[in-house]
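# A structural walkthrough
For reference, the chains in residue letters:
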Amino acid sequence: MRLSRYFLPVLKETPAEAQIVSHRYMLRAGMIKQASAGIYTWLPLGFKVLKNIENIVHEEQARAGHIPMLMPTIQSAELWKESGRYDDYGQEMLRITDRHDRDMLYGPTNEEQITDVFRSNVSSYKDLPLTLYQVQWKFRDEIRPRFGVMRGREFFMKDGYNFDLTKEDALHAYNRHLVSYLRTYERMGLQAIPMRADGGPIGGDYTHEFLVLAETGESEVFYDSQITDLKFGDREIDYDNVEQCQAVLEEFTSRYARTDETHDEAIFNEVPEERRRSARGIEVGQIFYFGTKYSEAMGATVQGPDGAKVPVHMGSHGIGVSRLLGAIIEASHDDKGIIWPEGVTPFHCGIVNLKQGDAEADEACEAIYKSLTALGLEPLYDDRNERAGGKFATMDLIGLPWRITVGPRGLKNGVVELTSRRTGESEELPPEQAIARIAQIYGKASA
Ligand code: P5A
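In the nomenclature of an unreviewed UniProt entry, the chain corresponds to Proline--tRNA ligase from the organism Tropicibacter naphthalenivorans. Per its UniProt entry, the chain bears the Subcellular location (unreviewed entry) comment "Cytoplasm". Looking at the chain in UniProt, the text filed under Function (unreviewed entry) is "Catalyzes the attachment of proline to tRNA(Pro) in a two-step reaction: proline is first activated by ATP to form Pro-AMP and then transferred to the acceptor end of tRNA(Pro)."

Right, dumping it as structure tokens:
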């Protein structure tokens, strides 16, 4: 993409309404624009990162064997009356009446709707286990939407639902989700710690929240510091293997880590004092096992091996896709702007032309741009007729992890500059070598 042709409405001023750094940078970098309280327009740069995050979610769901689909945002109230949650959900639910006076709602979550899909189409245990999921907009009429996309009213969520014959099978689905979420967040450059939590309006006895530690987090958390040494890494997991998933679960959940809702001072005090931590965290996901709560209320049964009809065991599993943009920025920024992890960056690298209009510099930039593009990478070429200082400030603000700087002086010596946004370190290299390095970083074979 050439910046002269892109739509990147960066702001010079820090917007007064933004209280936390991720919200400030998302507004300043032209990623989002508030449409009304807690509701945002996703401008091209923000939309790109949102899609990158969504793609990682899809890839990791596929790896775990879960099946994507899409349900509508507007739901009929009838289903919610069946489950009993229509009244329970209270004012967070946006209720709508259509022209025929039918009660509708903008879905805050989809347990009822997916249970209806299941009961209409599945009647035998032979079709189990089954995990369906979607990535879809949700609406919760939060009393205090704030911090930009972090606590929105309209937000993008991955929501998955498992259907199993027995509690044991459903707990495997729970473990499988926990494992796949660890991998998902790590690919986004995040450490998200699974913590014992409370079921809230979704319900259930088994539930973990995934928290990214950050001072601006809305949740208070308590944990054993040893937990932050754990890394999932690139281990190969067979998601159908019950023992393997169980082993990962135990590794990541056996140490003390709880949100304030489930915090127990007496148990916490058994952790050696020097390892006890209390901190703030951003909840980027939550998984639940709630047994037959919805299947019994809504008649979602299957015929078991002995011919008897039994309600299915279910769980649901959510990732806050739009919230993750805020969480990643909170975890990765400096005073100049965002620092995107390579896994989610909107462009793989920036190209800054220090002297637009200089034939040699223009030509070198074009060549680098074309080579990177041919490798399947997406560079952002700042080809505007602007001061170098302004170009650097924009690149730093929007946070591309790598920058290639091209100027007449370097070119005389046959070199360009390759700079890491994270460390600020620069290196002078011939253009081909800079391209090869970028290709290597992103796992692309260069010629
Ligand atoms: C699990 C999937 C559920 O709704 N039902 C379907 C279950 N869980 S949850 O914890 O309530 O939400 C899942 C994740 O969505 C994000 N989230 C939000 N993001 C932005 N703004 C909001 N107002 C908001 N509310 C929830 C969180 O990341 C949460 O973990």
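### Thoughts on the UniProt feature "domain: Aminoacyl-transfer RNA synthetases class-II family profile" (unreviewed entry) in the chain
Mapped onto the present numbering, the UniProt feature "domain: Aminoacyl-transfer RNA synthetases class-II family profile" (unreviewed entry) falls at residues 33–341. Between the C-alpha atoms that bound residues 33–341 there is a distance of 23 Å. The span itself is 31% helix and 32% strand.

### Thoughts on the layout of surface pockets
There is about 890 Å³ of room inside the largest pocket. Lining the largest pocket are 42 residues, with Arg 140, Arg 151, Glu 283, Gln 286 and Arg 323 sitting closest to its centre. Elements with a contribution of two residues or more to the lining of the largest pocket: strand E8 (154–164), strand E11 (219–224), strand E13 (276–291) and strand E16 (313–320). Among the elements that take part in the lining of the largest pocket, E13 stands out by supplying seven residues, more than any other. Partitioning the lining of the largest pocket into residue classes produces 12 nonpolar, 16 polar and 14 charged. In this model, the second largest pocket occupies a volume close to 290 Å³. Considering the residues around the second largest pocket, the lining is formed by 13 residues, among which Val 10, Lys 12, Arg 384, Gly 390 and Thr 394 are closest to the centre.

### So, helix H14 (residues 431–441)
Given 3.6 residues to a turn, an α-helix orients residues that are three or four positions apart in the same direction. Buried within H14 we find Pro 431, Ala 434, Ile 435, Ile 438 and Ala 439. Down the axis of H14, the sector holding all buried residues measures 140 degrees, keeping them to one side. Set apart from the buried face of H14 by more than 90 degrees, the exposed residues are Glu 432 and Gln 440. If you follow the buried residues of H14, they end up packed against strand E19 (349–353), helix H11 (359–374), strand E21 (402–406), strand E22 (416–420) and strand E23 (426–429).

### Brief notes about the packing of helix H2 (residues 44–63) against helix H10 (residues 321–331)
It is the contact of H2 with H10, at a shortest axis distance of 9 Å, that shows an interaxial angle of 110 degrees. By the angle between their directions, the pair H2 and H10 is classed as roughly perpendicular. The handedness of the crossing between H2 and H10 comes out as right-handed. Contacts between H2 and H10 involve Gly 46, Val 49, Leu 50, Ile 53, Glu 54 and Val 57 from the first element and Val 321, Ser 322, Leu 324, Leu 325 and Ile 328 from the second. A breakdown of the residues in the contact of H2 with H10 according to their chemical character gives eight nonpolar, two polar and one charged.

### Some thoughts on empty space enclosed by the protein
Counted under the stated rule, the structure contains two cavities of 30 Å³ or more. By volume, the largest cavity is sized at about 100 Å³. Lining the largest cavity, in full, are Leu 182, Tyr 185, Glu 186, Leu 190, Gln 191, Ala 192, Ile 193, Pro 194, Ile 227, Leu 230 and Phe 252. Elements supplying a minimum of two residues to the lining of the largest cavity: helix H6 (167–187) and strand E9 (192–196). In terms of residue class, the lining of the largest cavity is built from nine nonpolar, one polar and one charged.

### With respect to the site of the ligand
Close to the ligand lie 23 residues, the nearest being Thr 109, Glu 111, Arg 140, Gly 152 and Glu 283. A distance of 2.7 Å is found between a nitrogen atom of the ligand and a side-chain nitrogen or oxygen belonging to Glu 111. One of the side-chain nitrogen or oxygen atoms of Glu 142 is found 2.9 Å away from a nitrogen atom of the ligand. Here the ligand, which alone exposes 590 Å², has 96% of that area covered by the protein. Comparing atom positions with the cavity grids shows the ligand to sit within the largest pocket.

### Focus on the pairing of strand E6 (residues 103–106)
In this sheet, E6 lies alongside strand E4 (residues 74–76) in antiparallel orientation, the contact comprising three bridges. Following the sheet pairing, Gln 75 is matched in E6 by Leu 105. Note: strand E5 (residues 94–97) against E6, four bridges, orientation antiparallel. Looking at the pairing, Ile 96 lines up with Met 104 of E6. From the end of E5 to the start of E6, which pair antiparallel, there are five residues, and Asp 101 there has a positive phi angle of about 70 degrees.

### Quick notes on the pairing of strand E7 (residues 130–139)
Among the 10 residues that make up E7, nine are buried, leaving the element largely enclosed by the rest of the structure. Note: strand E3 (residues 67–68) against E7, two bridges, orientation parallel. Each bridged residue has a counterpart across the sheet, and for Ile 67 the counterpart in E7 is Leu 132. Bridge analysis of E7 against E8 gives 10 bridges, and the strand direction is antiparallel. Considered in E8, the bridge of Thr 131 is made with Asn 162.

Rules used throughout
Residues numbered from 1 in each chain as written. Predicted model: local features only at pLDDT ≥ 70, side-chain atom pairs only at ≥ 80, totals over all residues. Heavy atoms only, no water. UniProt positions renumbered as here; feature names shortened; annotations may be inferred. Helix = DSSP H or I, 4+ residues; strand = E, 2+ residues; numbered from the N terminus. 1 Å grid on protein atoms, 1.4 Å probe; cavity = no way out; pocket = protein on both sides within 12 Å on 5 of 7 lines; lining within 4 Å. Points joined across faces, edges and corners; volume = space filled by probe spheres on them. Nonpolar A, V, L, I, M, F, W, Y, C, P; charged D, E, K, R; others polar. Buried < 20%, exposed > 50% of the residue type's maximum accessible area, 1.4 Å probe, protein only. Arc of directions from axis to C-beta. Contact = heavy atoms within 4.5 Å. Axes fitted to C-alpha atoms, helices over the stretch in contact; angles between N-to-C directions. Parallel < 35°, antiparallel > 145°, perpendicular 65-115°, else oblique. Left-handed = near helix turned anticlockwise from the far one by under 90°. Near = heavy atom within 4 Å. Polar contact = N/O pair within 3.5 Å; in protein donor to acceptor, adjacent residues only side chain to side chain. Areas by Shrake-Rupley, 256 points an atom, 1.4 Å probe, with all protein chains shown as cover. Sits in = over half its atoms within 2 Å of the grid points. Pairing = 2+ DSSP bridges.

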